[in-house]
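Working through the structure, step by step
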Amino acid sequence: LPEAVPHPRYEVVLRHARLASGAIVDLGIAAGRICARGPQLAASGSVELDAAGHLTLPGFVDPHLHLDKALSRGELREPPETLAEAITASRGLKAHWTEAAIEARATRAVTMALRAGTTALRTHVDVDLSLGLRGFHALCRIREQFSGQVRIQIVAFPQEGLDPAGKVEGLLRRALREGADAIGGLPALSPDPRVHIDRLFAIAKEHGADIDMHVDESDSPLDLSIEYLAERTQRDGYEGRVVAGHCTSLAAVDEDTLHRVLAAVGAAGISLVTLPSTNLYLQGRGDRPPVRRGLLPVRAAVAAGINVAYGSDNIRDAFTPFGNARMLETGLVLGHAAHMGSPAELRSIVRMATHNGARALRLPDYGLDEGCRADLVVLDAASPEDALVAVAPALWVVAGGKPVAGLWAHRGPGAADARLYGRG
Ligand SMILES: [Zn+2]
């Protein structure tokens, strides 16, 4: 009799993973690599996981975040509303940051990202005369701490610009020597964007480093440093090695200019990264009516003392591909687009989703007071602001006095441990 060929054995076998194509496969995993892929793999795993036909994607890649600043908003006295105010406020905060404090916040932020499926990210880190390399050194330890879980790249970022004496450039060079993955920049906020780009290209080339700049983050059609960035990229043979983030000024230019710039960016092989959450929130605030964000001017209506509520409108129909009938999710979109982000405004959005809606509909006996109908939702959040920002899942939904839905209705209170939205 022929000897039975033993089935390969892997460290992990993930069964019944649904690929984006719809195909369902098993994956054999060993030594950190996918070693085998096929329907019903004849293999076993020391660990067997069952995806049960659920969508399986490669880990998310977050190409632009600021781990050194993450989760520091609670330290602010006055919440800033414009990019310029935010930079000033951030400058005040970071002067007092220790490496340990930065490391603690960044650890929480990377944990949030990892829990949500991100396995690679690129973080900028402020390198300037007040923070020095404290942020950089903290994030180097974060990169080490998460190695094997999240591939972290660090961009040495001169957030406060370059000084005439070249001290910041000295710090940037040190960061690159000590292992920064790329060099950043902020041309539009510098007195001479071309000189800024030239000086940073010089350092990048000395160290063979890639380039990732904050480009033209404004509402002005005149901020077009992206054109010179594209020109230098081609001239220096840096095609494919340059990333431009933000580029919001392109939303303010005429059509011909837009196409001219995009053609130059494409020819230079520059990747563009858009940052929708921050830029919807910060940009467009200088506009005076008419401001076309496609929405009722909510702040003005609230300021006029009007009862304002919001709703889902269409749910994945002919009018929009989006919609989950989740009031907190829609409220989060509203907060970004309507420039409503102070703690009081976040609370007011949650009120719009509850009491204001009830008032518009003239619902009797609405609320949590004695005598009201027992219609309520228990959220995995400690405050209305938290619930909105985290799009907190419902743990219990009680309707007409009976528990009818919610995570705990299906899985019991243990599900509370599945805090996918990573606060605290
Ligand atoms: Zn940024």
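Refer to the preceding data block for the structure.
Right, let's walk through the structure included here.

About the cut-offs
Residues numbered from 1 in each chain as written. Predicted model: local features only at pLDDT ≥ 70, side-chain atom pairs only at ≥ 80, totals over all residues. Heavy atoms only, no water. Phe/Tyr/Trp six-rings, centres within 6.5 Å; stacked < 30°, edge-to-face > 60°. Helix = DSSP H or I, 4+ residues; strand = E, 2+ residues; numbered from the N terminus. Buried < 20%, exposed > 50% of the residue type's maximum accessible area, 1.4 Å probe, protein only. Lys NZ or Arg CZ within 6 Å of the ring centre and 35° of its normal. Pairing = 2+ DSSP bridges. Axes fitted to C-alpha atoms, helices over the stretch in contact; angles between N-to-C directions. Donors = N, O, S within 2.8 Å, 3.2 Å for Na, K, Ca; no water. Polar contact = N/O pair within 3.5 Å; in protein donor to acceptor, adjacent residues only side chain to side chain. Contact = heavy atoms within 4.5 Å. Core = buried A, V, L, I, M, F, W, Y, C linked by side-chain atoms within 4.5 Å. Salt bridge = Lys/Arg side-chain N within 4 Å of Asp/Glu carboxyl O.

Our focus in this paragraph is the packing of aromatic side chains. One pass over the full model with this rule turns up one aromatic pair. Ring geometry for Phe201 versus Tyr238: centroids 5.6 Å apart, planes at 65 degrees, classification edge-to-face. With Phe201 in helix H5 (residues 193-207) and Tyr238 in the loop between helix H6 (225-235) and strand S10 (242-246), this pair connects stretches of sequence that are 37 residues apart. Taken as a pair, Phe201 and Tyr238 share a single burial class, namely buried. A cation sits over an aromatic face here: Arg285 above Tyr281, 4.5 Å from the ring centre.

Taken in spatial order, the four strands line up as S3-S2-S1-S4 in an open sheet, and their pairing is mixed. This sheet does not close on itself; its edge strands, each paired only once, are strand S3 (33-38) and strand S4 (44-50). Averaged over neighbouring strand pairs, the angle between their axes works out to 25 degrees when direction is ignored. Sheet topology places strand S2 (residues 24-30) next to S3; five bridges connect them, and they run antiparallel. Note on S3: the bridge partner recorded for Ile29 is Ile34.

Turning our eyes to something else, we now look at the coordination of the zinc ion. Within the protein, His64 (NE2), His66 (NE2) and His214 (NE2) serve as the donor atoms for the zinc ion, at 2.0 to 2.1 Å. Using a relative accessible area of 21% as the deciding quantity, one classes His66 as partly exposed. Judged by relative accessible area, His214 falls into the buried class, the value being 5%.

Pairing within the open sheet is antiparallel, and its three strands lie in the order S12-S13-S14. Across the chains shown, the open sheet's two edge strands, defined by having one partner strand only, are strand S12 (376-379) and strand S14 (402-405). Strand-to-strand twist of the sheet, defined as the mean angle between neighbouring strand axes without regard to direction, takes the value 30 degrees. Pairing of strand S13 (residues 394-399) with S14, which is carried by three bridges, proceeds in the antiparallel orientation. Bridging across to S14, Val397 finds its partner in Ala405.

What follows deals with the side chain of Asp212. Positionally, Asp212 belongs in strand S9 (residues 210-215). Classification of Asp212 by relative accessible area gives buried; the value is 1%. Side chain to side chain, Asp212 and Arg122 meet in a polar contact 2.7 Å long. Setting aside its immediate chain neighbours within four residues, Asp212 contacts Pro63, Arg122, His124, Val155, Ile183, Gly184, Gly185 and Val243.

One finds Leu172, Ile226 and Leu229 to be the most contacted residues of the largest nonpolar core, which totals 56 residues. Here Ile226 is in contact with Val215, Asp216, Ala244, Cys247, Val261, Val265 and Leu272, once residues within four sequence places are set aside. Counting residues in each nonpolar core, the second largest holds 16 residues, with Leu328, Val350, Leu388 and Ala392 among its members.

Right, let's get into the pattern of salt bridges. The full count for this structure, using the stated rule, is 27 salt bridges. Between Glu103 and Arg141 there is a salt bridge, with its nearest N and O atoms 2.8 Å apart. Of the two residues, Glu103 is situated in helix H2 (residues 99-115) and Arg141 in helix H3 (residues 134-145); the sequence distance between them amounts to 38 residues. Residue classification places Arg141 among the partly exposed positions, given a relative accessible area of 37%. In the salt-bridge network here, residues are joined through shared partners; they are Lys69, Arg91, Lys94, Asp126, Asp128 and Glu160.

Another point: the side chain of Gln283. By secondary structure assignment, the location of Gln283 is in the loop between helix H8 (276-282) and helix H9 (298-303). By relative accessible area, which is 9% here, Gln283 ends up buried. What Gln283 contacts, discounting residues up to four positions off in sequence, is Glu217, Ser218, Asp219, Thr248, Arg293 and His339.

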